[in-house]
Amino acid sequence: MHQAAHTHGGHEAAYESGWARWLYATNHKDIGTLYLWFAFAMFLTGGVMALCIRAELFQPGLQFWQPEFFNQLTTLHGIIMVFGAIMPAFTGLANWMLPLMLGAPDMAFARMNNWSFWLLPPAAALLLISLFVPGGAPAGGWTLYPPLSAQAGMGMDLAIFSIHLLGLSSIMGSINIITTILNMRAPGMTMLKMPLFAWTSLVTAYLLIAVAPVLAGAVTMLLTDRHFGTHFFSAAGGGDPVLFQHIFWFFGHPEVYIMALPAFGIVSQIIPTFARKPLFGYVSMVYATCSIAILSFMVWGHHMFAVGMPATAQLFFMFLTMLIAVPTGVKVFNWIATMWQGSMTFETPMLFAIGFVCLFTVGGFSGLVLSIAPVDTQMQDTYYVVAHFHYVLVAGALFSLFAAVYYWLPKWTGYMYHEGRGKFHFWWSMVWFNVTFFPMHFLGLAGMPRRIPDYALQFTSFNSIASVGAFCFGLGQLLFLYNVIHTIRGGVGPAPARPWEGGNTLEWEVPSPAPHHTWESPPDLTTVRRGLIAQAVEHEGESDEPKSENRA
Amino acid sequence: MQLALKHKNQTLAIKLAAIALLMFGFGYALAPFYGAFCQFLGIDRAEASLTQAGAALRIEFDVNVPEGLPVTMQALDSVQTGKAGGVVKARFMLRNDSDQALTVRAVPSFAPVRAAGLLRKLECFCFDALTLAPKESREVTVVLLVADQLPPEMGAATLSYSLQKVM
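None of the values given here were measured: they were computed from a predicted structure.

*Asks:* Can you walk me through the side chain of A:N176 in this structure?
*Replies:* Residue and element names in this part refer to chain A. If you trace the backbone, N176 turns up in helix α7 (residues 154-183). From its side chain, N176 meets the backbone nitrogen of F109 in a polar contact 2.9 Å long. Residues contacting N176, with those up to four places away along its chain left out, are M107, A108, F109, M112 and N113.

*Asks:* Got a minute to help me understand the confidence of the model for chain A in this structure?
*Replies:* Interpreting fine coordinate detail is not advised for predicted regions of low pLDDT. Residue and element names in this part refer to chain A. Here chain A averages 90 in pLDDT, while 93% of its residues score no lower than 70. A low-confidence stretch, residues 1-14 (pLDDT under 50), is modelled with 24 contacts involving residues beyond four sequence positions or located in other chains. Every residue in residues 541-552 is under pLDDT 50, and counting partners more than four places away or in other chains gives 10 contacts.

*Asks:* Just checking my understanding: could you explain the domain arrangement of chain B for this structure?
*Replies:* It is common to report an interface's size as the accessible area lost on association of the parts. With domains assigned, chain B is organised as domain 1 (1-45) and domain 2 (56-165). Distance from the C-alpha centre of domain 1 of chain B to the C-alpha centre of domain 2 of chain B: 41 Å.

*Asks:* Just to check I follow, could you spell out the pattern of salt bridges for this structure?
*Replies:* Side-chain pairs of opposite charge can arise where the charged atoms are in close proximity. Residues and elements named next belong to chain A. Overall, the coordinates contain 11 salt bridges over all chains when judged by the stated rule. Residue D157 is joined to R226 by a salt bridge in which the shortest nitrogen-to-oxygen separation is 2.8 Å. Of this pair, D157 sits in helix α7 while R226 sits in helix α8 (residues 196-227); the two residues are 69 residues apart in sequence, bridging distant segments of the chain.

*Asks:* How should I be thinking about the sheet that holds strand β8 (residues 130-132) of chain B in this particular structure?
*Replies:* Strands in a sheet are paired, the pairing made by backbone hydrogen bonds, and the direction either parallel or antiparallel. Residue and element names in this part refer to chain B. Across the sheet, five strands lie side by side as β4-β2-β11-β6-β8; this open sheet has mixed pairing. Each end of this open sheet is capped by a strand with a single partner; those strands are β4 (79-83) and β8. Taken over all neighbouring pairs, the strand axes of this sheet differ in orientation by 30° on average, direction set aside. Of the strand pairs in this sheet, strand β2 (residues 56-64) and strand β11 (residues 156-165) are connected by seven bridges, and their pairing is parallel. Looking across to β11, one finds that F61 is bridged to L159.

*Asks:* Help me understand the UniProt feature "transmembrane region" (unreviewed entry) in chain B in this model?
*Replies:* Within this structure's numbering, the places UniProt gives as "transmembrane region" (unreviewed entry) are residues 12-31 of chain B. The distance from the first to the last C-alpha atom of residues 12-31 of chain B is 30 Å, and the span holds 100% helix and 0% strand.

*Asks:* Is there a simple way to think about the environment of B:L163 in this case?
*Replies:* Along the chain, B:L163 falls in strand β11. C-alpha separation for the pair B:L163 and B:Y28, spaced 135 residues apart in sequence, amounts to 28 Å.

*Asks:* For this particular structure, what's the right way to read the side chain of A:S149?
*Replies:* Mapped onto the fold, A:S149 is located in helix α6 (residues 148-151). With relative accessibility at 1%, the residue A:S149 sits in the buried group.

*Asks:* What's the story with the confidence of the model for chain B in this structure? I'm lost.
*Replies:* All names here are of chain B. Scored by pLDDT, chain B has a mean of 84; 91% of the residues are at 70 or more. Overall, residues 45-53 carries pLDDT values under 50, and its contacts beyond four positions in sequence, including any with other chains, amount to 20 contacts. Predicted as a complex, the structure gets a pTM of 0.82 and an ipTM equal to 0.86.

*Asks:* Sorry, what's going on with the packing of α8(A) against helix α1 (residues 3-41) of chain B here?
*Replies:* Each pair of packed helices gets described by two things: the angle between the helix axes and the distance between those axes. The N-to-C vectors of α8(A) and α1(B) enclose an angle of 40°; their axes lie 7 Å apart at closest approach. Put simply, α8(A) runs oblique to α1(B). Like other packed secondary-structure pairs, α8(A) and α1(B) cross with a definite hand, here right-handed. Each of A:Y206, A:I209, A:A210, A:P213, A:V214, A:A216, A:G217, A:T220 and A:M221 in α8(A) lies in contact with α1(B), whose residues at this interface are B:L16, B:I19, B:A20, B:M23, B:F24, B:F26, B:G27 and B:Y28. Its residues placed into classes, the contact of α8(A) with α1(B) shows 14 nonpolar, three polar and no charged.

*Asks:* In this structure, what is going on with the packing of aromatic side chains? I would like to understand it.
*Replies:* Two descriptors summarise a pair of aromatic rings, namely the distance from one centre to the other and the angle between the planes of the rings. Residue and element names in this part refer to chain A. Counted under the stated rule, the structure contains 63 aromatic pairs over all chains. For the ring pair W19 and Y24, a centre distance of 6.4 Å and an interplane angle of 45° mean the geometry is tilted. Relative accessible area serves as the criterion here: at 63%, W19 is assigned to the exposed category. Residue class for Y24 comes out partly exposed when judged on its relative accessible area of 41%.

*Asks:* What am I meant to see in the interface of chain A and chain B here?
*Replies:* On the chain B side, the residues contacting the 29 residues of chain A number 26 residues. Each partner contributes to the roughly 2,300 Å² buried at the junction of chain A and chain B, and carbon and sulfur atoms together form 77% of this total. At the junction of chain A with chain B, the criterion picks out zero salt bridges. At the surface where chain A touches chain B, the tally comes to two residue pairs in polar contact (both at pLDDT 80 or more). Among the elements that line the side of chain A that touches chain B, the one with the most residues is α8(A), at nine residues.

*Asks:* It is not clear to me how the sheet that holds strand β3 (residues 71-75) of chain B should be interpreted in this structure. Could you clarify?
*Replies:* Residues and elements named next belong to chain B. Spatially, the four strands line up as an open sheet ordered β3-β5-β9-β7, and their pairing is antiparallel. Each edge of the open sheet is held by one strand with a lone partner, namely β3 and β7 (119-124). This sheet shows a mean twist of 25° between the axes of neighbouring strands, independent of strand direction. Sheet analysis places β7 next to strand β9 (residues 137-146), joined by five bridges and oriented antiparallel. Its bridge partner being in β9, E123 is matched across the sheet by V143.

*Asks:* When you look at the pairing of β4(B) in this model, what are you seeing that I'm missing?
*Replies:* Along a regular strand, successive side chains alternate from one face of the sheet to the other. Residue and element names in this part refer to chain B. The alternating pattern of β4 places Q80 and G82 on a buried face, while none of V79, T81 and K83, on the opposite face, is buried. Relative to β4, β2 runs antiparallel, the two being bridged by five bridges. Within the sheet, the bridge partner assigned to A56 lies in β4 and is K83.

What counts and what doesn't
Residues numbered from 1 in each chain as written. Chains lettered and ligands numbered in written order. Predicted model: local features only at pLDDT ≥ 70, side-chain atom pairs only at ≥ 80, totals over all residues. Heavy atoms only, no water. Helix = DSSP H or I, 4+ residues; strand = E, 2+ residues; numbered from the N terminus. Polar contact = N/O pair within 3.5 Å; in protein donor to acceptor, adjacent residues only side chain to side chain. Contact = heavy atoms within 4.5 Å. pLDDT = per-residue confidence, 0-100. Domains from an automatic or database assignment. Salt bridge = Lys/Arg side-chain N within 4 Å of Asp/Glu carboxyl O. Pairing = 2+ DSSP bridges. Axes fitted to C-alpha atoms, helices over the stretch in contact; angles between N-to-C directions. UniProt positions renumbered as here; feature names shortened; annotations may be inferred. Buried < 20%, exposed > 50% of the residue type's maximum accessible area, 1.4 Å probe, protein only. Parallel < 35°, antiparallel > 145°, perpendicular 65-115°, else oblique. Left-handed = near helix turned anticlockwise from the far one by under 90°. Nonpolar A, V, L, I, M, F, W, Y, C, P; charged D, E, K, R; others polar. Phe/Tyr/Trp six-rings, centres within 6.5 Å; stacked < 30°, edge-to-face > 60°. Buried area = accessible area lost by both parts, 1.4 Å probe.

Written out as structure tokens, the structure reads:
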């Protein structure tokens, strides 16, 4: 292991302090940190918007916002959380952890990495500026359906440019991730010996390269419809707004898995660590990841059952959608089987991981309900759908991110976080998350539409409960911020290189905090083997122990 | 980084960027695919095979003037009946309410969309931009040729015009 700081001909040393370190950052750890802080800032921004929405919905009638502004809030909340918070957070984790886990010195393209991050703040700025231009921010929902989006004010143009920048950033980030994983693994680490987080990052990056340009195309068509006289989606000129929905969801459904697969990878690292058992069915997990990715391209139509579609097409999309439950089920069963008879302990990352498995399963099942075309026709655009995707994206993506932060925080900062406060953060989030979103299932079943600032009287009590839950859930995230800052400032003491006794991937082989430059020369085969996920080694019938001992 | 690895990385990056570019093109290709697909499935597009002779069609004319455009537009024959194979003529009154000359263009649209294939515009004020002098009123017309065969389920069709100011 070579952990000594390396200056790369001296030019990097000059940038290693102050703002220049971050502006010109090419080190994967610095860029990972930037991504994570950016994502957290966006999480708080989108969160404040969510609270504005819940404040309005605390009781019927218009309290705080005019309906137009309410629509802008829901639209920006969606776009910011998806493109500004969740996706950059996963890219940040991939940046921080992949080179460490794979035994690579850095990401494959360090300068492009810097670019992919620094495209994000202007993109976010464009989105936020759109609130202050005449006509306000886009108000057509995060799906930006025309004709609403085709008629909106200049806020829509800002959002379109912002999406272009975000897409460009995602594509560059993905090229970096794929190249790093395929070309820069330590010798001895075959594809089927990679940590599962690397696998899910790889598949996610491929998904992004395939679908982010499609979204870019869709919004470009929208832009030319708005300003250059084309008629892709404008009915007046012979175009069809439904075409936008098809193209959008051809991007949008894989996007759902872009936000879910890295979460699967994270919990697949954490559960074996705290169950002190190898991941059950590693290879089947890899295949399940790939199957989910492939199937995700073929199910976009289930977002459009109510648009008008021949019965055969509805059946096609319905059955394929249900089919995704199979590989997802394989994953859930494997996580449970990993925990089964393990020596489990319940530190904060494990709590968040188990919370993820339980709640994501609820979200998955409500998704299965929505996949049934005749049911979906009833549920379309009700709060049931809102409940479903928040169970998938908050309890899924967000909880897995919390789990990841607590899991790797000792490696990042060199200090241990306060376990009690971590656990409190988990239980607080778990309780209030459910108070917020579980009643939404009932609201939806009773017929409350989504994206409305005012509602019928009979929906009042559940809406009030949800609003109280949302404010408490939001408040709890300040505790998360406190926990992280407290840890950075020393936490409850220095962390050892291997703070979790069950952690067996390569990142635990380097000291905590991870030095600025690691794996300048790749880890040797023994380190790789020691750091390898045991089940992959077992899978190939190999073992670190001499074979004669096994036979004895 | 060794030179060989750098080269290998660059080759892969170029391939991946090419995939991204192809997918951008694919997004655009979905537009013609979509048209072909709808035609193949027989949804939402006019199809000659669906038609049947002799039916009458109620044709409604509608106009939309965007807010802020100082023009009044009105359909003088707002409902008419078209016979299969017949010709329908509809008149509209256009007035420039402002004190300045204005150039406008009318953008037509049909509902249902497949009516576009059944009602062919032989002559239309919408083919060109119209320049109106200050306070000028003008009568404009559209002449439609109704298809020889009309689908039985097509009871009524609407032809709507949206005015746009030409800069």
